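Reading the structure
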Amino acid sequence: MKFFRLLGRSVRDALRSVGRNFSLSFASISCIIVTLLIIAISIVISYNVNSFSNELKKDLTIVAFVSNEADETDLEKLKTSIEGISNVESVNFKDKKTIKLEMMDEDDSLKTAMSEWDEESNPLQNTYLIKVDDIEKIGETATAIKNLDYIDVVKYGEGMVEQLVTVFKAVQKVAIIAVVALVLMTMFLIVNTIKLTIFSRKREISIMRLVGASNFAIKLPFVVEGMILGFIGSIIPVFVLIYGYYSLYNYFGGKLFTDLIKLVRPEPFIYISSLIVIAIGILVGMIGSGRAVRKYLKV
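From a predicted model like this one, the values you see are computed outputs, not experimental measurements.

Each value, and the rule that gives it
Residues numbered from 1 in each chain as written. Predicted model: local features only at pLDDT ≥ 70, side-chain atom pairs only at ≥ 80, totals over all residues. Heavy atoms only, no water. Helix = DSSP H or I, 4+ residues; strand = E, 2+ residues; numbered from the N terminus. Buried < 20%, exposed > 50% of the residue type's maximum accessible area, 1.4 Å probe, protein only. Areas by Shrake-Rupley, 256 points an atom, 1.4 Å probe, with all protein chains shown as cover. Polar contact = N/O pair within 3.5 Å; in protein donor to acceptor, adjacent residues only side chain to side chain. Contact = heavy atoms within 4.5 Å. Pairing = 2+ DSSP bridges. Axes fitted to C-alpha atoms, helices over the stretch in contact; angles between N-to-C directions. Phe/Tyr/Trp six-rings, centres within 6.5 Å; stacked < 30°, edge-to-face > 60°. Expected span 1.5 Å × (residues − 1). Arc of directions from axis to C-beta. Core = buried A, V, L, I, M, F, W, Y, C linked by side-chain atoms within 4.5 Å.

Our next topic: the overall build of the protein chain. When you go through the protein chain residue by residue, the secondary structure sums to 10 helices and four strands. For the protein chain, the α and β elements follow one another from N to C terminus as α-α-β-α-β-α-α-β-α-β-α-α-α-α. By residue count, 38% of the 299 residues in the protein chain fall in the buried class. Looking at the protein chain as shown, the accessible area adds up to about 17,600 Å², and 62% of this sits on carbon and sulfur atoms.

As structure tokens, then:
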């Protein structure tokens, strides 16, 4: 019961302090809002980039075309060699007869011409369809496969895949740097807000010491004040995150410019992200307040 009374009194004192130092509190809240907006955008970007990478990994296939000179024994040895290459996740064989039938089913204009091809006259090539573990190393893997005997050509969408991975990694790094810089700036503002609050309540703190108040009882209102600033600062970013992502998803129809880049479905993603943003706001406020108390309040 004593703890809850102390907590209630701390919340009351913290709210009064926010009101008394409104200009400084407003500066801290504004900085928290900007910080959390950047963090919210970074979460959206990072999660969608990871989702895109995972989808790309599932869909991306290296196609290795095998020379028609390879016999059954050569094909088995070749499959074993491909499976032995690092970064190869799976290998599936597709013979040229199956490829011919699939092409005939997909395009009626080819059906007549291809129907006359027999085993000997079929100019298509047997292929191996290879999945990789790490798409960032797909170029190295494709080169290793191409150097194997009886491999004529290797295709995987070279150039485009590497560019997409590079662009997304650069975007993630820039977002992280911006977030770290803004978090530090926000903590600096909160530290100074709490510092001035401590100075304005110096006499009150001295009285609390004289009557035997514990360090915890003196520090708690300031930590609660930081939590309140962080929570208030998270309201607008959460609203922007929920409304903005729903609007973005609906406007683009769940995909970004192309069917290849699919956006993560809003639910439950935006609610989990909102909780993360609120938690970060409260933690930033608590840490900032804690640093101010530890550095400027000698208790």
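Its location among the elements puts Asn48 in helix α2 (residues 22-59). Engagement of the side chain of Asn48 in a polar contact is seen with the backbone oxygen of Val44, the distance being 2.7 Å. Residues within four places of Asn48 in sequence aside, it is in contact with Tyr245, Lys262, Leu263 and Val264.

The next point concerns the sheet that holds strand β4 (residues 151-155). Strands sit in the order β2-β3-β1-β4 across an open sheet of four strands; the sheet is antiparallel. The sheet terminates laterally at β2 (88-94) and β4, the two strands that pair on one side only. Sheet twist, expressed as the average angle between the axes of neighbouring strands with direction ignored, equals 20°. Direction of pairing for strand β1 (residues 62-66) relative to strand β3 (residues 127-132): antiparallel, over a ladder of four bridges. Residue pairing for β3: Val63 is matched across the bridge by Leu129.

What follows covers the packing of aromatic side chains. One pass over the structure, following the stated rule, counts four aromatic pairs. With centroids separated by 5.1 Å and ring planes inclined at 55°, the aromatic side chains of Phe93 and Tyr128 adopt a geometry described as tilted. Of this pair, Phe93 sits in strand β2 while Tyr128 sits in strand β3, placing them 35 residues apart in sequence. Judged by its relative accessible area of 1%, Tyr128 is buried. For the ring pair Tyr245 and Phe269, a centre distance of 5.1 Å and an interplane angle of 70° mean the geometry is edge-to-face. Taken as a pair, Tyr245 in helix α9 (residues 215-252) and Phe269 in helix α10 (residues 266-296) lie far apart in primary sequence, 24 residues in all.

A few words on helix α3 (residues 72-83). The end-to-end C-alpha separation of α3 is 17 Å, in line with the 16 Å expected for 12 residues at 1.5 Å each. Asp74, Leu75, Leu78 and Ile82 are the residues of α3 that are buried. The buried residues of α3 occupy one face: seen down the axis, they fall within an arc of 100°. Looking at α3, the residues exposed on the side facing more than 90 degrees away from the buried face are Glu72, Glu76, Lys77 and Thr80. Residues of α3 that are buried in the fold lie against β1, β2, β3, α6 (138-146) and β4. N-capping of α3 is provided by Asp71, with a side-chain oxygen placed 3.2 Å from the backbone N of Thr73.

Glancing now at helix α4 (residues 96-106). Taken together, the buried positions of α4 are Lys96, Ile99, Lys100 and Met104. Taken down its axis, α4 places every buried residue within 135° of arc, on the same side. Turned more than 90 degrees away from the buried face of α4 sit Asp105 and Glu106, all of them exposed. With a side-chain oxygen positioned 3.0 Å from the backbone nitrogen of Lys97, the residue opening α4 is Asp95.

Right, let's get into the nonpolar core. Grouped together as the largest cluster of nonpolar side chains are 22 residues, with contacts concentrated most on Ile62, Ile82, Tyr128, Ile130 and Ile145. The set of elements that each furnish at least two residues to this core consists of β1, α3, β2, β3, α6 and β4. If sequence neighbours within four positions are ignored, Ile82 has contacts with Val88, Val91, Tyr128, Ile130, Ile145 and Leu148.

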